[in-house]
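# Notes for the structure review
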Amino acid sequence: MAAVGDSGGKSVDLAGARRYAADWAQAVHRLGFVPLSVAETEELLYAHTLRLAAVLLDTEAPAPAVEAVGRSLVDAHLTEPGVVEWSVRTLSDRFRTEVLADAAGRPGLDARIAAMQGALAAGFARALRERTFRQQEGIARAMWQARDDAEQALRDSEARFRAVFDGAAMGIGIAGVDGTIIDVNQAFADMLGYSVDELRQINVASLFHADDAAGLWELYQELIEGKHDAVRVEKRYYRKDGSAVWTDLAVSLIRHDDGRPRFTVAVVEDITERYELQQRLRFQALHDPLTGLPNRTLFFDTLSSLVELTDPPGSVSASSTWTGSRRSTTASGTPSVTGCS
Amino acid sequence: MQKPDGLPAEIDLSRPSAARVYDYFLGGAHNFEIDRQLAEQIAAMTPNLPATMRAGREFLRRAMRTLLDDGIDQFLDIGSGIPTVGNVHEVAQAANPKARVVYVDIDPVAVAHSRELLADNALTGVIHADLRDPERILSEARALELLDFDRPLGILLAGVVHFVPDVDRPGDILATLRAAAAPGSYLVISHSTFEDQPQEMLDAQRLSARTATEITLRSRVEITGFFGDWTIVEPGVVHMELWRPDSPSETTADGPRFGAFGGVARNDQTVG
């Protein structure tokens, strides 16, 4: 039997201590998660076993040393309640018989063991409480931090959006799928000659007109039904004062997280000047500057288009007039549709 | 749902988080009432789930040991959650103080907590990203300049791939991650399975999965496929507790208790 004596002739059974530590390690691994291997745990607990034995055989007050053992169990993440139960319970039975070489007949041992049990439990409880406070505070702080980050990112995003929205030269309008205008920027309001507040009272539907390009209204309906993600057209609006404004209009659909349509965002560019310039240039190219009458170019242009149409020969059916034909085909442009989920 | 870049997901305090539930099962106090309620509910339905989670953590520790023994000193831990105890950087830096670890998680609270905990550890980094976006993980990991992708590294996917449904093509995700790793690198995966599990366990697990994040149980063959053409080290893709146990006493004679497989593979391809 391997036994060591100390100054008072008291002794610890090292083989017994080893056995006790091995069982202790097995118990804590069975009880909960231990970040150490069984062998590593056993080493740690063997040191504690010897420490406890030394205190038991000593005459000094057990409190500080045994409380430290309880605390170090928590520090090693051996925090399952069952761990302290096992540790306290075995101290009064198998610890004294297995770890002490000569427990029998030792006076005052029961009282000393009881004091050690109290100290072990107290040290464990104190350390566990501190650890719980620390971790609770840590996770709460992390949550506020994550929330602050998210809110900050939202605020930044909102500020970026506001800057783009307010500062854009193009008109931007946001409407619900029911057509209610939720917000428009100043550029949009200026373009149509309304105030921003006036436009917020208006339904998108009232901005559509009978002379819009064919299929425009249907396209918009399909967009808010979620069949398209974006629509781009050239569209004529009527300003509050009744004058017309030609626009390049791009409408995008914003969806809910589950894919349901939520908002439409319209970005509108005033292309009236460009449009009118095009018309003027075309007119000038096709008419005599002096008389304003159709010139040779228009004549041959129209002739060739008539020839193309007369297939088979003899069925001339062109209905266009000299001046009006081009305008009606180019003005409204061809509505284009992008993205369909 | 995809969030626009740079916009973190909403922080919803009324919903439990998988990371905090996991922490609770590991004996941590980094959790809230709502998490503990769900944890207790899960534990009631699947009594061996807490033990499975602990076994998963122990598998990770033993796998780390294998990697460290082979000289791996840099780790990419994806789905790291809340660093409760026995974290990868603790295990790695205990063996090699110069070991570098980059943690990746999708949970903003877990990320914030990890950042605070690791603020003083210059050899660790934390990335907020989704496993379903491996390119982003890799580019952010490169931007941190902690890991050297030209040298062998350990990619750790402990209990996270089963959160990726088939529709998100986990095989492609794994292929992207493997392609980024130099020869000599290791891949560690633990993954829930339906194999060798009693029916009532599977029913309960499906039920429990519905309350938290959806889990896709996969077969051993499917999980083995995630290692691609890398060399799977002994003993192969096995029930976690059977993967290089510390001692025979840690394994059980009465068959697999935990519904998850674990495996480790090495990139044995030569350069070029």
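Residues numbered from 1 in each chain as written. Chains lettered and ligands numbered in written order. Predicted model: local features only at pLDDT ≥ 70, side-chain atom pairs only at ≥ 80, totals over all residues. Heavy atoms only, no water.

## A look at the overall build of chain A
- Within chain A, the regular secondary structure consists of twelve helices and eight strands.
- Long-range pairs, those at least 24 residues apart, make up 57% of the contacts in chain A with a sequence separation of at least 6.
- Accessible surface, chain A: about 18300 Å² in total, of which carbon and sulfur atoms supply 56%. (Helix = DSSP H or I, 4+ residues; strand = E, 2+ residues; numbered from the N terminus. Contact = heavy atoms within 4.5 Å. Areas by Shrake-Rupley, 256 points an atom, 1.4 Å probe, with all protein chains shown as cover.)

## What to know about the pairing of strand β8 (residues 260-266) of chain B
All names here are of chain B.
- Most of β8 sits inside the fold, with six of its seven residues counted as buried.
- Taken together, the two bridges between strand β6 (residues 231-232) and β8 define a ladder with antiparallel strand orientation. Residue pairing across strands places Thr231 opposite Arg266, the latter belonging to β8.
- Strand direction decides the pairing type here: strand β7 (residues 238-239) and β8, joined by two bridges, are antiparallel. Looking across to β8, one finds that His239 is bridged to Phe261. (Buried < 20%, exposed > 50% of the residue type's maximum accessible area, 1.4 Å probe, protein only. Pairing = 2+ DSSP bridges.)

## Describing helix α2 (residues 33-45) of chain B
All names here are of chain B.
- For α2, spanning 13 residues, the distance from its first C-alpha to its last is 18 Å, which sits close to the expected 18 Å at 1.5 Å a residue.
- Every buried residue of α2 is listed here: Asp35, Leu38, Ala39 and Ile42. All buried residues of α2 lie within an arc of 105° about the axis, which places them on one face of the element. (Expected span 1.5 Å × (residues − 1). Arc of directions from axis to C-beta.)

## A closer look at the interface of chain A and chain B
- If you look at the interface, chain A gives 31 residues, while chain B gives 32 residues.
- Of the roughly 2700 Å² buried between chain A and chain B on both sides combined, carbon and sulfur atoms contribute 64%.
- When the area that chain A buries against chain B is broken down by residue, the three leading residues are A:Phe33, A:Ile139 and A:Met143, summing to 27%.
- Where chain A meets chain B, there are six residue pairs in polar contact (both at pLDDT 80 or more).
- In terms of residues, the side of chain A that touches chain B owes the most to one element, helix α6 (residues 109-167) of chain A, which gives 18 residues.
- In terms of residue class, the side of chain A that touches chain B is made up of 14 nonpolar, twelve polar and five charged. (Buried area = accessible area lost by both parts, 1.4 Å probe. Polar contact = N/O pair within 3.5 Å; in protein donor to acceptor, adjacent residues only side chain to side chain. Nonpolar A, V, L, I, M, F, W, Y, C, P; charged D, E, K, R; others polar.)

## So, the nonpolar core
- The biggest cluster of nonpolar side chains holds 37 residues, and the ones touching the most others in it are A:Trp24, A:Leu52, A:Leu78 and A:Phe95.
- Mapped by element, the contributors of at least two residues to this core are α1 (14-31), α2 (38-57), α3 (63-75), α4 (81-92), α5 (94-99) and α6 of chain A.
- Other than its neighbours up to four places away in sequence, A:Phe95 contacts A:Tyr20, A:Thr49, A:Leu52, A:Ala53, A:Leu56, A:Thr90 and A:Leu100.
- By size, the runner-up hydrophobic cluster in this structure holds 33 residues, among which are B:Ala141, B:Ile155, B:Val160 and B:Ala180. (Core = buried A, V, L, I, M, F, W, Y, C linked by side-chain atoms within 4.5 Å.)

## A closer look at the packing of aromatic side chains
- Counted according to the given criterion, the structure contains nine aromatic pairs over all chains.
- Three or more aromatic residues link up through ring pairs in this structure, and these residues are A:Tyr20, A:Trp24, A:Trp86 and A:Phe95.
- The aromatic ring of A:Tyr46 is capped on one face by A:Arg18, whose charged end is 3.8 Å from the ring centroid.
- The positively charged end of B:Arg142 is found above the aromatic ring belonging to B:Phe149, 4.6 Å away from the centroid. (Phe/Tyr/Trp six-rings, centres within 6.5 Å; stacked < 30°, edge-to-face > 60°. Lys NZ or Arg CZ within 6 Å of the ring centre and 35° of its normal.)

## Brief notes about the side chain of B:His191
All names here are of chain B.
- Position of His191 relative to the elements: it lies in strand β5 (residues 186-192).
- Of the residues examined, His191 reaches a relative accessible area of 0% and is grouped as buried.
- A polar contact of 2.9 Å, which involves the side chain of His191, links it to the side chain of Arg218.
- Setting aside anything within four residues of it in sequence, one finds His191 in contact with Val161, His162, Thr216, Arg218, Ile223, Phe226, Gly259, Ala260 and Phe261.

So far we have only geometry, and geometry alone does not tell us how the molecule works.
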